[in-house]
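In case you want the letters, here they are:
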Amino acid sequence: MSIRIGMMILAVCAAFAIGCTPTNSEPSRVEVSGVVTIDGQPLPTGLIHFKTVSEGAIDSMEIVEGKFAGQAEPGKRRVEITAYRAASGGTPGMGGGEVNYVPAKYNAESKLTADVSSEGLNEFRFEVTSK
């Protein structure tokens, strides 16, 4: 009888452990990298955002000397690029002293996309213009 009770206790404990195992609710991400140029030159500094607007998902990376690298969720992603500089007469970082000099057609109104693959290389090149 004690063997039977021991096996039942073991089965209940195993079921409890399996049922209470935390699940990873974070979506999978893959490595992405690439280059951003503005008017044919590497974008000095900025941010690149890979968005899935319908889900509210966003993966952001810094752009330094035209290059970016990081992780993004796989799938078709909307790409937005921003870069800031001091507004005329303003001081960067002092509340309103900076302006995004990348046109809205590459960020707020972006039509840029990237197909981020769950397998293989994800290297992208984005060429934007300041006009």
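Nothing here was measured: the structure is a model prediction, and the numbers come from that model.

Caption draft 1: Structural detail: unusual backbone geometry. The residue D39 is not glycine, and still its phi comes out positive at about 55°. Relative to the assigned elements, D39 resides in the loop between β1 (30-38) and β2 (41-42).

Caption draft 2: Structural detail: the pairing of strand β6 (residues 75-82). The pairing of strand β3 (residues 45-52) with β6 spans five bridges and is classified as antiparallel. Bridge assignment links L47 to a residue of β6, and that residue is T82. Pairing geometry for β6 and strand β9 (residues 113-116), over four bridges, is antiparallel. The residue of β9 that forms the bridge with R77 is A114.

Caption draft 3: Here's a closer look at the pattern of salt bridges. For the structure on display, the rule yields six salt bridges. Among the ionic pairs, E73 bridges to R29, the shortest N-O distance being 3.9 Å. Placement of E73 in the loop between β5 (67-72) and β6 and of R29 in the loop between α1 (2-19) and β1 is noted, with a sequence separation of 44 residues between them. When the shortest N-O distance is used, the salt bridge between E80 and K51 registers 3.0 Å. Linking E80 in strand β6 with K51 in strand β3, this pair joins segments that are 29 residues apart in sequence.

Caption draft 4: Here's a closer look at the pairing of β3. Sheet analysis places β3 next to strand β4 (residues 57-64), joined by eight bridges and oriented antiparallel. Of the residues in β4, the one forming a bridge with L47 is E62. In this antiparallel pair of consecutive strands, β3 and β4, the connection spans four residues, and G56 shows a positive phi of 75°.

Caption draft 5: Geometry of the side chain of T37. Mapped onto the fold, T37 is located in strand β1. Exposure remark for T37: the relative accessible area of 6% places this residue in the buried category. Leaving out residues up to four positions away in the same chain, T37 has contacts with P42, L43, R125, F126, E127 and V128.

Caption draft 6: Representation of the environment of S118 in the model. Locating S118 in the fold gives a position in the loop between β9 and β10 (123-128). Given the relative accessible area of 54%, S118 is considered exposed. Sequence-wise, S118 and P74 are 44 residues apart; in three dimensions their C-alpha atoms are separated by 5.3 Å. Every residue in contact with S118, bar those within four places of it in the chain, is listed here: V30 and P74.

Caption draft 7: Quick peek at the side chain of N107. Structurally, the position occupied by N107 is in the loop between β8 (98-100) and β9. Residue class for N107 comes out buried when judged on its relative accessible area of 7%. From its side chain, N107 meets the backbone oxygen of I81 in a polar contact 3.1 Å long. There is a polar contact of 3.0 Å between the side chain of N107 and the backbone oxygen of V102. Ignoring anything within four residues of it in the chain, the contact list for N107 reads R78, E80, I81, T82, N100 and V102.

Cut-off values and rules
Residues numbered from 1 in each chain as written. Predicted model: local features only at pLDDT ≥ 70, side-chain atom pairs only at ≥ 80, totals over all residues. Heavy atoms only, no water. Helix = DSSP H or I, 4+ residues; strand = E, 2+ residues; numbered from the N terminus. Pairing = 2+ DSSP bridges. Salt bridge = Lys/Arg side-chain N within 4 Å of Asp/Glu carboxyl O. Buried < 20%, exposed > 50% of the residue type's maximum accessible area, 1.4 Å probe, protein only. Contact = heavy atoms within 4.5 Å. Polar contact = N/O pair within 3.5 Å; in protein donor to acceptor, adjacent residues only side chain to side chain.

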